Amino acid sequence: MKNNITKFLLQPYPFYYEGKSLKIIIVLFFLMTFFFNYTFEPFNVEYSEHKMSYFWVSIIHSISPTVVLFAIYIVGKLLKLENKWNIAKEVILIFTFFIIIGLIQFLIRDIIYDNKNNWSLHYLFEEIRNTFLVGTLFVSILIPINFNRLNIKHSNGANTLNLPIEDVFSLTNQIKTNIKVNDFVFEINQFMFAKSEGNYIEIYLSAQHQNKKLIRGTLKNLEVLLKTYPNIIKTHRSYLVNCNYIEKIDGNAQGYQLQISKYIVPVSRNLITNFNLRMKRLKQN
């Protein structure tokens, strides 16, 4: 039982706290929190202590989570939290999220309530407890459902794309990176994939051709250089892949994972649709 729980918690999970996903989460969280508080009044409400109508009290309580979500977005950008994200990290982040929201709800009590004991430990505990009660209810239902949905969806999608490598046509041509400091020339049919590392690109070549070369430049520039080759696909913000070298495609909650030689290369969720289309076109040729 313990091993099953550990295995589940270490499963890959999508990092939603950026871009369009974050905007959707912020809107949904605000609407869900407001609707739940205003409609059901889940906790004891002392109307006599309110400095404003209960409608505005519910609005204020619903705004604080959106502020915390934006803070998570900033931290995620700085620490690149989307890399190797899993269910355990998601759960830890969410529980931290609940604690911070509870603290904020406690700190803004003077804005909402006319109560001389606003700053007591009793209300600090109460605000954090209430946040955990509501949040845990949502999370315990939504995370497993979302994980299973994404896992099944991406696994099924990956299974439809697995094909013998010889079914994908190859092209041969010489590529020059055109970087004055360290020009690098390679054959396109030697290129397996490229990985962005800050201001540098790691270019991985087939084993018989030195395997890896580090050059200064951006993945965007390399993508433009190789845009005429239909078998070269961007699978992730940090990866560019030659489909000829894909040996196997697996799916998980985060997206796809490509087996290329001894390496595992991700396909992010937002690029899956394009990857599916490109792979199906290659398969038809």
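Up top you'll find the structure we're talking about.
All values reported here derive from a predicted model rather than from experimental measurement.

Just checking my understanding: could you explain the sheet that holds strand 8 (residues 248–252) for this structure?
Sheet strands line up and pair through hydrogen bonds in the backbone, either parallel or antiparallel. Sheet architecture is open: three strands sit in the order 8-9-10, paired in antiparallel fashion. Unpaired on one side and paired on the other, strand 8 and strand 10 (263–268) mark the two borders of the sheet. With strand direction ignored, the average angle separating the axes of adjacent strands in the sheet is 25°. When strand 8 meets strand 9 (residues 255–260), the two strands line up antiparallel, connected through five bridges. From the neighbouring strand, I249 faces strand 9, where its bridge partner is L258. Relative to the sheet, helix 6 (residues 121–161) contacts strand 8 and strand 9, its axis offset from that of strand 8 by approximately 165°. Contacts from helix 8 (residues 272–284) reach strand 8, strand 9 and strand 10, with the element oriented near 50° to strand 9.

I keep staring at the side chain of T33 and nothing clicks. Help me out?
Along the chain, T33 falls in helix 2 (residues 19–40). Classification of T33 by relative accessible area gives buried; the value is 14%. At 2.6 Å, the side chain of T33 and the backbone oxygen of F29 are in polar contact. Not counting residues up to four positions away in its chain, the partners in contact with T33 are H61 and S62.

Hey, could you run me through the packing of aromatic side chains in this one?
The description of an aromatic ring pair rests on the distance of the ring centres and on the angle between the ring planes. For the structure shown, the criterion picks out 21 aromatic pairs. Measuring from ring centre to ring centre gives 5.8 Å for Y38 and F55, while their planes differ by 90°; the resulting arrangement is edge-to-face. Here Y38, found in helix 2, pairs with F55, found in helix 3 (residues 54–79); they are 17 residues apart in sequence, far enough to count as distant. According to the relative accessible area criterion, Y38 is partly exposed, its value standing at 39%.

I'm lost on the packing of helix 4 (residues 87–107) against helix 6 in this one. Help?
Relative orientation and spacing of two packed helices are given, respectively, by the angle between their axes and the distance between those axes. Running from N to C, helix 4 and helix 6 cross one another at 150°; their axes reach a closest spacing of 8 Å. One finds that helix 4 runs roughly antiparallel with respect to helix 6. In terms of crossing hand, the pair formed by helix 4 and helix 6 is right-handed. Note on element contacts: helix 6 touches helix 4 through Y123, L124, E127, I128, T131, F132, G135, T136, V139, I143 and F147, opposite I87, E90, I94, F95, F98, I99, I101, G102, L103, Q105 and F106. Among the residues forming the contact of helix 4 with helix 6, the class breakdown is 15 nonpolar, five polar and two charged.

Would you take a moment to explain the pattern of salt bridges for this structure?
Opposite charge on two side chains lets them pair, provided their charged atoms get close. The full count for this structure, using the stated rule, is three salt bridges. Where E127 meets R109, a salt bridge forms, and the shortest distance between an N and an O atom there is 2.8 Å. Of this pair, E127 sits in helix 6 while R109 sits in helix 5 (residues 109–112), placing them 18 residues apart in sequence. When sorted by exposure, E127 lands in the same class as R109, which is buried. Between E197 and K195 there is a salt bridge, and its shortest N-O distance comes to 3.2 Å. Looking at E197, the relative accessible area reads 35%, which means it is partly exposed.

Thresholds applied
Residues numbered from 1 in each chain as written. Predicted model: local features only at pLDDT ≥ 70, side-chain atom pairs only at ≥ 80, totals over all residues. Heavy atoms only, no water. Pairing = 2+ DSSP bridges. Helix = DSSP H or I, 4+ residues; strand = E, 2+ residues; numbered from the N terminus. Axes fitted to C-alpha atoms, helices over the stretch in contact; angles between N-to-C directions. Contact = heavy atoms within 4.5 Å. Buried < 20%, exposed > 50% of the residue type's maximum accessible area, 1.4 Å probe, protein only. Polar contact = N/O pair within 3.5 Å; in protein donor to acceptor, adjacent residues only side chain to side chain. Phe/Tyr/Trp six-rings, centres within 6.5 Å; stacked < 30°, edge-to-face > 60°. Parallel < 35°, antiparallel > 145°, perpendicular 65-115°, else oblique. Left-handed = near helix turned anticlockwise from the far one by under 90°. Nonpolar A, V, L, I, M, F, W, Y, C, P; charged D, E, K, R; others polar. Salt bridge = Lys/Arg side-chain N within 4 Å of Asp/Glu carboxyl O.

Keep in mind these values describe shape, not function.
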